[in-house]
Structures are given as C-alpha cells and as structure tokens.
Amino acid sequence: MSFFSQAAHKAIQVYQKSSHRRFVAGLSDLESLQRRKLQTTLSYLKPLLKERSDISDYKEFREKFPVTSYHDYKDLFNSERTSPEQTIPEVVRFQPTSGSTETLKWIPYTQELLKDFDSALGPWLYDFYSSYPEVLKGPHYWSLSWLPQDLRDEGVRLNDTELFPVWKRLLLKQTMAVMEPVDLAGSSESSLFATLAFLIDRKDLSFASVWSPTYWLTLLKILETHQEALALSLIEGRWVLYENELTQVECPHNPERGEELLESADPHVLWPRMKALSCWTTSTSAVFAKDIETRFPTLKVIGKGLWATEGVVTIPFQGHYTLASQSHFYEFEDLESGHILPSWELRIGQKVSPIITTTGGLLRYKLQDILEVTGFNKKTPCLNFLGRADGVDMVGEKLSSLRAQEILADLGKISQHQESYLFAVKSENTQYYCAVLSAQGNTSLEELSAKLEDLLMQSFHYKLARELQQLSPAQVIVNKKAHEKYLQLHLNRGMVLGNIKTESLRLISGKELQENFL
C-alpha cells in the first residue's frame, strides 16, 4: 500500500475524532440533544413547512403533525423531482429505494441530510478504526452497486461513498480497491466480474463494506465459477469475458496476481490481510453472515446497524447498536401498547418501530422495522433489529415477517435446509402460501407441505381464512438454487443486487413463482 494511501487512512481517522467526541458527549444528554435536533430540523425545513415550522416544543409537534408513510409524500416528491423550483431546501439528489407498498420510492437528499448521515458515519468509522487498527494497512472496498439502464437515465448513482462530504471522498479515493465505473457495466453479472478483478488485483485488501452478506457470497461464487477467466483478464490486461459490456471499465493488468489466481481461488490466499467485513448481520441476514464467519474464521464480520434510504437509526458503536442520536429526531411506536414515545422514554425489553423526522423533509415518518431495546449506552438506547413490520395480508390473514421467520425455522428442523423463503402467492384463481426450501432432508414434499399448513394454522386469522376457503392449502417447493432464484426474482423487479434484502416473507404472483422457482 502506498504512502499516500496510508496517510489518507490516518487522516480520515484523525478527522473523525471530533465527531466521535461530540457523539460520546451526547450519549449522556439525549433528551436535550433530541429536543434541539427537532427545533433545528423544523427551522431548516421552513421553506417547505412555512408557518407550520413555528413549533415551541415536542408536545405541540406531536399535536400538529401526524405519523406519516411514503404515500403522504409521493406526489410532493414526484413534483419536486421535475420542478425547477423546489420547496425542499438544498436538494442534492433524489435517491431511489424499493418499498413493500411502492414499486419505487424517491427520497430527497438535502445538503443538511448528508451532514446528518456523516454525523453517524464519523463516530462509527473512528470507533471501527480504533477497534481494528489492522484495517488501516490496506485498501478498502465500499460496495458499488450495478445500476439498471432506466435508473442511469434518471441520473442515479448508488456509490456508498457519496454519503461522505467531498473532502472525505477525496481521501477515500486514495484508499479504495474498486473504483467507478464498475457500476456502469452492461449487466449485473459483468459488474460483479469486474469488481472481482479489481479486488483480486489488490492482495493487500484489508476491509470490505457491503450491505447484504449475500452480495459477498455471490462474489465468492463467481470467483469459483470464473476463476480462469478472471486470471486471464489480469494476465492479459483485457477483459476475456463480458468485453462488450465492460467498454467503460479499464481492465486491471497484473500478471503476477493472475498467475496466483490460476493456482488457487481460495479467498484466504488471495486476500491474506483482509481483517474485517461490514454487512447486515441480524434478522434474516444472520444465517448468511454466519456462513461467512464459518468459512473465514479469521475474518471479523461487523454489523451495520439500521440504515434505511430515508435515514439512519442505529450504528455499531462500542459493541452495541446505539441510536444515532445526532442525526435525526426519533420517536418509537411501542408495538405492544401502540403508544408513541420519544427516544428518551424507551425502556429495556420494548419492541418498537422507529419514527423519524429528518432534514430531508420527512416528518414523523414511520419505518417498517421492528427493533428491541437491549440496553443503554449511558442515557442513549441501544436497539437490535429483529425484522420487518410490513407483513402480508391478502384476505385478512395478517401474517407478519417475524411469524414467517419462526415458521421457516420450525420447517428447518425437519428439512435441514440452509436457505428458505415464504411467499404469499396471488394468482388469478387462487391465493396461497408457498415455502421455497433449498433442501428437504429425508422428508417428502407432502409431509413438508402438511407441516407448513399446520404451522400456519396456528395463526387465528390464517385458520379463519382457510375455513372460509379464501386461501388454498399451503405448498412447499424444493429448489437447490433457492437463494440464486430469490435474487433473480428481485433483479427482475428492477432492484439492485447489492441492496436486495433476504426477507423471510414476500408477496409474489403465481407467474413469478412459476418462472423463478419451478
């Protein structure tokens, strides 16, 4: 690693120290900090809110503003995207994301919102660098997700480093193992292929940050499949595969690394200095993160905390997922009582859904996530992500994502599957639930289907729907490539590979089930 790269790493760490110090100081002063954040956020949004921004305290804020969802902003945001005159201040870009009720959501990113994101990134990075100083000795990979052409036409980029301020991006460029424009390849397959070539080019790779652990596992699978093509590309300095799709990407030329790859595709050999991987590690991602840990016992897999496109809720900090208290104003709905509480009134053991007010223009915006309060860092709550709150309700059966996780876990006791998904299937003439498993053990499909039906029938509303013949009997499908097919399903829906979450419960059409899993 060059002197300039090492210096850039150190400079980033030093620059984060003040952000880290502010965050630590705020841990003991949560209520005052959050009340101030509410006032500064409303003041920033005055061009949008006008006289409604004149709020004296939190009580008045609750009375004047209802809890919202994306549906409440859809028309405004679509108008702001195309209008030359915007009421949301200092919009830098609109960021796309998928939702459970919207095919595509567009979230405004303002200058102040990017600063709020950095208020969470700074303390996390400083804490991470301090805890794992070995990662300062090599280049890093921050995921660059491939973009479909229709999103490129919208002027969208999904470079994670764009969340950082400009000066920090310039420093990060000195430490990056993979640079743009791999995200502009002709397909997701060619983008992944090029990404691997750049990663293999850097034997001193020390850290990688991706969103889903399945993205990293997909890279490793491609490494096995295209070992020779990747090696020849490095040896010859030209793309021997996907050359027509990688015209905008210059192939790295490293004959020595190419020869090493021909001898071994073992990641331990290719990246002997890689010390840490940051990815989702909780809820339905846990099994895939554990798979990475099992394969690479010397690699530290570090959780992300809860980051949504709309805002950040928790960051990994001092061994816990701590509320990112400097970034937004937070409230939480207690899922047992239905009461909405400010962050300073949370208690250990509560299961809650976050409600955020941000400088991006979202006011009391409810995220469809379930968290559990696990403790406190001084006076600031720590929360673990449990799963999604937006379940499925085709005919009144009201099945939650958490219940789906439990059902799949019970099925796994007899099928020994590694990967499993539960789908609510809507066809023209019937509606039913279908579990797709990667294995069935010694159990027949008929027995597995009967077991799935039995587990679903334990839910009162599902049982009622079956008795009223509103739902057909549940089914089980076994497909050894269940996870690959799951990813392809979502790619076909226009999602970006690196951002696909492995949700336990999804609503799909009968046609999608047929085309992807049968």
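The coordinates are above.
(A) Representation of the pattern of salt bridges. As enumerated under the stated definition, the model contains 19 salt bridges in all. When the shortest N-O distance is used, the salt bridge between Asp204 and Arg202 registers 3.4 Å. Classification of Asp204 as buried rests on a relative accessible area of 11%. Within the structure, one salt-bridge network assembled from shared partners comprises Lys203, Arg257 and Glu260.

(B) Structural detail: helix H2 (residues 30-44). With 15 residues, H2 ought to run about 21 Å at 1.5 Å a step, and its terminal C-alpha atoms sit 21 Å apart, in line with that. Residues of H2 that are buried include every one of Leu30, Leu33, Gln34, Lys37, Leu38, Thr41, Leu42 and Tyr44, and no others. Mapping the buried residues of H2 onto a view down its axis gives an arc of 160°, with all of them on the same face.

(C) Fine view of the pairing of strand S8 (residues 320-323). Bridging between strand S7 (residues 314-317) and S8 involves four bridges; their strand directions are antiparallel. Counterpart to Pro316 in the pairing with S8 is Tyr321. Counted along the chain from S7 to the antiparallel partner S8, the turn is two residues long, and its residue Gln318 has a positive phi close to 55°.

(D) Examining the nonpolar core more closely. Within the largest apolar cluster, 68 residues are counted, with the highest numbers of intra-cluster contacts made by Phe61, Ile315 and Phe332. Top element by residues in this core is helix H6 (residues 111-131). It accounts for nine residues. Once you skip the residues sitting within four places of it in the chain, Ile315 turns out to touch Phe23, Ala120, Pro123, Trp124, Lys304, Trp307, His320, Tyr321, Thr322 and Ala324.

(E) Layout of the sheet that holds strand S6 (residues 300-302). One open sheet holds the four strands; their spatial order is S3-S4-S5-S6, and the pairing between them is parallel. Only two strands of the sheet have a single neighbouring strand rather than two, namely strand S3 (140-142) and S6. Strand-to-strand twist across the sheet, computed as the mean angle between neighbouring axes with direction ignored, equals 10°. One ladder, built from three bridges, connects strand S4 (residues 207-209) with strand S5 (residues 276-278); its direction is parallel. Among the inter-strand pairings, Phe207 is bridged to a residue of S5, identified as Ala276. Along the sheet face, H6 touches S3, S4, S5 and S6 and points at about 150° away from the line of S3.

(F) Just the sheet that holds strand S16 (residues 431-437), in detail. Pairing in this open sheet of four strands is mixed, and the strands run S17-S16-S15-S18 from one edge to the other. Looking at the sheet topology across the chains shown, the edges are occupied by strand S17 (475-478) and strand S18 (505-509). Ignoring which end each strand starts from, the neighbouring axes of this sheet average 30° apart. Where S16 meets S17, four bridges bridge the pair, whose relative direction is parallel. Along S17, the bridge assignment pairs Ala435 with Val476. Lying on the sheet, helix H19 (residues 510-517) is in contact with strand S15 (420-426), S16, S17 and S18; it crosses S18 at an angle near 100°.

(G) Quick peek at the environment of Gly441. Mapped onto the elements of the fold, Gly441 is located in the loop between S16 and helix H16 (445-457). Counting along the chain gives 24 residues from Gly441 to His417, while the straight-line C-alpha distance between them is 7.4 Å. Gly441 has contacts with Ile414, Ser415 and Gln416, leaving out every residue within four places of it along the chain.

Rules used in this analysis
Residues numbered from 1 in each chain as written. Predicted model: local features only at pLDDT ≥ 70, side-chain atom pairs only at ≥ 80, totals over all residues. Heavy atoms only, no water. Salt bridge = Lys/Arg side-chain N within 4 Å of Asp/Glu carboxyl O. Buried < 20%, exposed > 50% of the residue type's maximum accessible area, 1.4 Å probe, protein only. Helix = DSSP H or I, 4+ residues; strand = E, 2+ residues; numbered from the N terminus. Expected span 1.5 Å × (residues − 1). Arc of directions from axis to C-beta. Pairing = 2+ DSSP bridges. Core = buried A, V, L, I, M, F, W, Y, C linked by side-chain atoms within 4.5 Å. Contact = heavy atoms within 4.5 Å. Axes fitted to C-alpha atoms, helices over the stretch in contact; angles between N-to-C directions.

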